[in-house]
Amino acid sequence: MTLWLIVPAAGRGQRMQADRPKQYLMLQGRSVLARTLERLHQAFPEAALRLCLDPDDEYFDPDDVPFEDWQRVGGGDERADTVGRALATLVEQAADDDWVLVHDAARPCVRLEDLQALREALENEAIGALLATPAADTMKRADERGRISHTEPRDGLWHALTPQVFRFDLLRQALDAALATGMTVTDEASAIEAMGLAPRLVAGSRDNLKITHPEDLAMAARILAVQSEAASGPTPTVTGQGAVSGQGGREA
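Now for a quick tour of the structure. Everything numeric in this text was worked out from a predicted model, so none of it was measured. (Residues numbered from 1 in each chain as written. Predicted model: local features only at pLDDT ≥ 70, side-chain atom pairs only at ≥ 80, totals over all residues. Heavy atoms only, no water.)

**Remarks on the overall build of the chain**
Turning to step 1, where the next piece is worked out: Scanning the chain for helices and strands turns up 6 helices and 13 strands.
Turning to step 2, where the next piece is worked out: Its C-alpha atoms give the chain a radius of gyration of 18 Å, within 12% of the compact-globule value 18 Å for 252 residues.
Turning to step 3, where the next piece is worked out: Once the C-alpha set of the chain is aligned to its principal axes, its extents read approximately 45 × 45 × 45 Å.
Turning to step 4, where the next piece is worked out: Here the chain holds 252 residues, and 46% of them are scored as buried.
Turning to step 5, where the next piece is worked out: The long-range share in the chain, meaning contacts at least 24 apart out of those at least 6 apart in sequence, stands at 69%.
Turning to step 6, where the next piece is worked out: Accessible surface for the chain amounts to roughly 13000 Å². Of this, 46% is attributable to carbon and sulfur atoms.
Turning to step 7, where the next piece is worked out: The centroid of the 26 positive side-chain charges in the chain is displaced by 6 Å from the centroid of its 40 negative side-chain charges. (Helix = DSSP H or I, 4+ residues; strand = E, 2+ residues; numbered from the N terminus. Rg over C-alpha atoms; globule rule 2.2 N^0.38 Å. Buried < 20%, exposed > 50% of the residue type's maximum accessible area, 1.4 Å probe, protein only. Contact = heavy atoms within 4.5 Å. Areas by Shrake-Rupley, 256 points an atom, 1.4 Å probe, with all protein chains shown as cover. Lys, Arg positive; Asp, Glu negative; His and termini not counted. Charge placed at Lys NZ, Arg CZ, Asp CG, Glu CD.)

In C-alpha cells form, the structure reads like this:
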C-alpha cells in the first residue's frame, strides 16, 4: 500500500504563550515535532513525508526528520491551504487511489497500536478513516450569553483526532471544493463530509493529546513516560473486544 504522510507544522501556537511555536518546545529532551515524526516513522518507516513549515521558520532542524523520503513544503494561512499545498507536490507522483495520512505536528503521543489499527481499517475501505474517541463527558450547548442552551445527547458523539487518512484524489477534490466555497475546514474529515461521504471512525486512545495550552506539555511528558514504561514491560496480550491487557482497553 502506497502511503504518503502530510504533517502540518506551520502554525505559530500563540495559545501556548511561549517564545517559539509549540512544535519546537522541548519534550523529553527533543522537540515536539521530532517526537511526533519519530512516532510516525516507527509505524510507517516506508512512507514518504511532506512536512509543512512556515516559510520563515527559524527553528526547524532537518536532523529531526527520520524519514528517508521527505520534502519540505511551505505552509499556508489556514490548515486547508497548508494541506492543499502538500497535495499539490504529489500530483506527478501519487496515484488517485493512494492513501494520504494527515497528522497534527502537536500530537506526539499517538500510540503505535492505534496507528496500526487505523492502517488495518483501510484494507477494505473506499473513502478513508480517522482516529477518534467516543465522547465521555456531558456535552452542553452554549448560547450567545455564555449560558447553557441545552444538553446535547452524547450517544454517537465522537472527538475527532488525527491521523486522518483519505484517498489522494478524493482529499484533493474535497479541499478544493471547501476552499472554493469558503467553508471553514477544521479537519480533513469535515471536507470529505461536505461531499456527502461518511469516513470510518476508528477507536483510538484518549492519550492522543493535542498540545495546545501550556499545561498540555507537562501532560504529554507524563503520557510518553507511561507509554515508555509500558513498552519496556511484558508483551501485552489481546483480551476480548480488542482490549489490550496491561495498557487499558479501547472503547469500540
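After presenting the structure, the write-up continues.
**Overview of the packing of helix 1 (residues 32–43) against helix 3 (residues 112–121)**
Turning to step 1, where the next piece is worked out: Between helix 1 and helix 3, the shortest axis-to-axis distance is 9 Å and the interhelical angle comes to 50°. In terms of orientation, helix 1 and helix 3 fall into the oblique class. In terms of crossing hand, the pair formed by helix 1 and helix 3 is right-handed. Across from R39, L40, Q42 and A43 in helix 1, the residues of helix 3 making contact are L112, L115 and R119.
Turning to step 2, where the next piece is worked out: Considering only residue class, the contact of helix 1 with helix 3 consists of 4 nonpolar, 1 polar and 2 charged. (Axes fitted to C-alpha atoms, helices over the stretch in contact; angles between N-to-C directions. Parallel < 35°, antiparallel > 145°, perpendicular 65-115°, else oblique. Left-handed = near helix turned anticlockwise from the far one by under 90°. Nonpolar A, V, L, I, M, F, W, Y, C, P; charged D, E, K, R; others polar.)

**Some words on helix 6 (residues 214–231)**
Turning to step 1, where the next piece is worked out: Here helix 6 contains 18 residues, and its C-alpha end-to-end distance of 27 Å stays within 8% of the 26 Å for a straight helix at 1.5 Å per residue.
Turning to step 2, where the next piece is worked out: Check the buried side of helix 6 and you find it contacts strand 2 (26–27) and helix 1. (Expected span 1.5 Å × (residues − 1).)

**Observations regarding the sheet that holds strand 11 (residues 200–203)**
Turning to step 1, where the next piece is worked out: Pairing is mixed in the open sheet, where 7 strands are placed in the order 5-4-1-6-10-7-11. Two strands lie at the open edges of the sheet, namely strand 5 (70–74) and strand 11, each paired on one side alone. On average, each strand axis in the sheet is inclined to that of its neighbour by 25°, with strand direction left out of account.
Turning to step 2, where the next piece is worked out: Direction of pairing for strand 1 (residues 3–9) relative to strand 4 (residues 48–53): parallel, over a ladder of 6 bridges. The residue of strand 4 that forms the bridge with V7 is L51.
Turning to step 3, where the next piece is worked out: In the packing of helix 4 (residues 168–181) onto the sheet, the strands contacted are strand 6 (99–102) and strand 10 (158–167), and the crossing angle to strand 10 comes to about 120°. (Pairing = 2+ DSSP bridges.)

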